[in-house]
Amino acid sequence: MIRLLAAIAKLIFLLNKEMKPKHEYSKSDDTKKYPDPLQSEIRLPVAITKYYESEQQEREGKNFRRCLVIVIEIVALSTAGSLAYLTWRTVEEIKRQGDIMKAQIVSDNRPWVSVDLLHPGGFEIGKNFSFDYKITNHGHTPAVGVYINSTSLLWQPGDGTDFAELEQRMCEFGSRNEPYGSGPFVLFPSQEYLDSTAFDVFSKAAVEKSLKEGKAFVEKSFKKGPNEKDFQWVNIYPYITGCVTYRHTFDNSIHRTPFTVQILRRPTIETQDNIHELLPIRTDIGPIAGSLISFKGFQSRGIKPD
C-alpha cells in the first residue's frame, strides 16, 4: 500500500511539472501582455509526507548507528590492546620481583666460604715449604663438596705468568665430580677447617732458573747492561694460587673462592731492611724462619668470588 501511494505521488509530481507553460516573448511586440500562466499545486497526502519524513529519519538513524558501532569497536580494540599490554607488563614485573626476592633469599641464606693461609714454616731453598689453609663458612647454610686446589710457582718480572688463568684452572679442577684437591667436604655455618700442606717446587734448580730469567729481564730493560760487578740478582718471588669450590645444599650450583698470595719476608735489622715494608725472598741470606714469613694477597682480576 505504501509503495502504491509513493507511485501515485510521483505521477502527480510529474504532471504538476508539465502543467507549467513556457512563455516566449517577441522582440517586436514587447508591449503585448500575456496573461499570467496558470499555476496549480497538488498537495501530497499526509500519510505519504510522513512516510518520506520517517524514512529519511530512519536512514539518518541507521548511518548514525553504523558510525557509533565503528567507534565503539575501535575503542574496544584499543582498550583490549592496552589491557593486554598492561597485563604483560604486570606479569613481567611480578616475575622480575620474584627473581629478585629468590636471589636475595639465596644470597642471605647460602654458604660463603673464605680461605686464609696461616702458620708458614721456614723458607729454605731446596726444602719443602709448609703452611696451613684455614677455610671458614660465613653463611647460614652448610657448604657441601668443599675442596681446595692449589699450586705454587716462582714468578719473575717479564715472565708473562697469567695468574687469572691459573686460578681458572684450579677452579675447574674443583668443579669436576672427582676433584683431586683436599677439604672437609661439608662445612657447616661458622665452622672453620684447618688443612696442612707443603710444596716442594722451590728446588735449587728452580730457584737458579728463576734468578737467571729475572736477571736477563733486568739487563734487557737497561739500554746498557748493568755492571756485572755491581749487579747481582738475588730476589725470588714465590706465589701460591688456588681455588676453593663448594656447593649450596639447596641447589647444584658451584661457588668458587679463588686466591693468589705472594710469599714475603718481614724486615730485619740484620739485613738493613726498611722496617715498614714486606720484602721479597732473598737467596743470599740463607734460611728464613717461619716467624719472618708473611703472606700477601694478590688480586688477579680473574674470577671473582661467587
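Please refer to the structure placed before this passage.
Quick look at the structure, then. (Residues numbered from 1 in each chain as written. Predicted model: local features only at pLDDT ≥ 70, side-chain atom pairs only at ≥ 80, totals over all residues. Heavy atoms only, no water.)

## Quick notes on the overall build of the protein chain
Counting its secondary structure elements, the protein chain contains four helices and nine strands. When the helices and strands of the protein chain are placed in sequence order, the string is α-α-β-β-β-α-β-β-α-β-β-β-β. Taking all 306 residues of the protein chain together, 29% fall into the buried category. Across the protein chain, contacts joining residues at least 24 apart in sequence account for 71% of those joining residues at least 6 apart. As presented, the protein chain carries roughly 21,300 Å² of accessible surface, and 56% of it is formed by carbon and sulfur atoms. (Helix = DSSP H or I, 4+ residues; strand = E, 2+ residues; numbered from the N terminus. Buried < 20%, exposed > 50% of the residue type's maximum accessible area, 1.4 Å probe, protein only. Contact = heavy atoms within 4.5 Å. Areas by Shrake-Rupley, 256 points an atom, 1.4 Å probe, with all protein chains shown as cover.)

## Overview of the pattern of salt bridges
Per the counting criterion, the structure on display carries five salt bridges. Of the charged contacts, one joins K127 and E124 as a salt bridge, the two residues approaching to 3.4 Å between their closest N and O atoms. The exposure class assigned to K127 is partly exposed, which follows from its relative accessible area of 48%. Among the residues examined, E124 registers a relative accessible area of 31% and is labelled partly exposed. Taking the shortest distance from any N to any O, the salt bridge between K134 and E192 comes out at 3.9 Å. Highlighted residues: K134 in strand β2 (residues 129-137) and E192 in strand β5 (residues 192-199), separated in sequence by 58 residues. (Salt bridge = Lys/Arg side-chain N within 4 Å of Asp/Glu carboxyl O.)

## Digging into the side chain of T257
Residue placement: T257 occurs in strand β7 (residues 254-265). Side-chain polar atoms of T257 contact the backbone oxygen of V113, separated by 2.7 Å. Non-local contacts of T257, meaning those with residues more than four positions away in its chain, are made with V113, S114, V115, G242, C243, V244 and Y246. (Polar contact = N/O pair within 3.5 Å; in protein donor to acceptor, adjacent residues only side chain to side chain.)

## Re the side chain of T245
Examined against the element boundaries, T245 turns out to sit in strand β6 (residues 235-248). Residue class for T245 comes out buried when judged on its relative accessible area of 1%. The contact partners of T245, leaving out residues within four places of it in the chain, are G145, V146, Y147, C171, G174, S175, I254, H255 and R256.

## Description of helix α4 (residues 204-221)
Residues spaced three or four apart along an α-helix point in a common direction, a consequence of the helix completing one turn every 3.6 residues. Relative to the 26 Å expected for 18 residues at 1.5 Å per residue, α4 spans 26 Å between its end C-alpha atoms, a close match to the ideal helical length. Where α4 is concerned, the buried positions are V207, S210, L211, G214 and V218. Down the axis, α4 shows its buried residues gathered within 100° of arc, on one side only. Across from the buried face of α4, at angles greater than 90 degrees, the exposed residues are A205, E208, K209, K212 and K220. On the buried face of α4, the contacting elements are β3 (143-155) and β6. (Expected span 1.5 Å × (residues − 1). Arc of directions from axis to C-beta.)

All we've got here are geometric facts, nothing functional implied.
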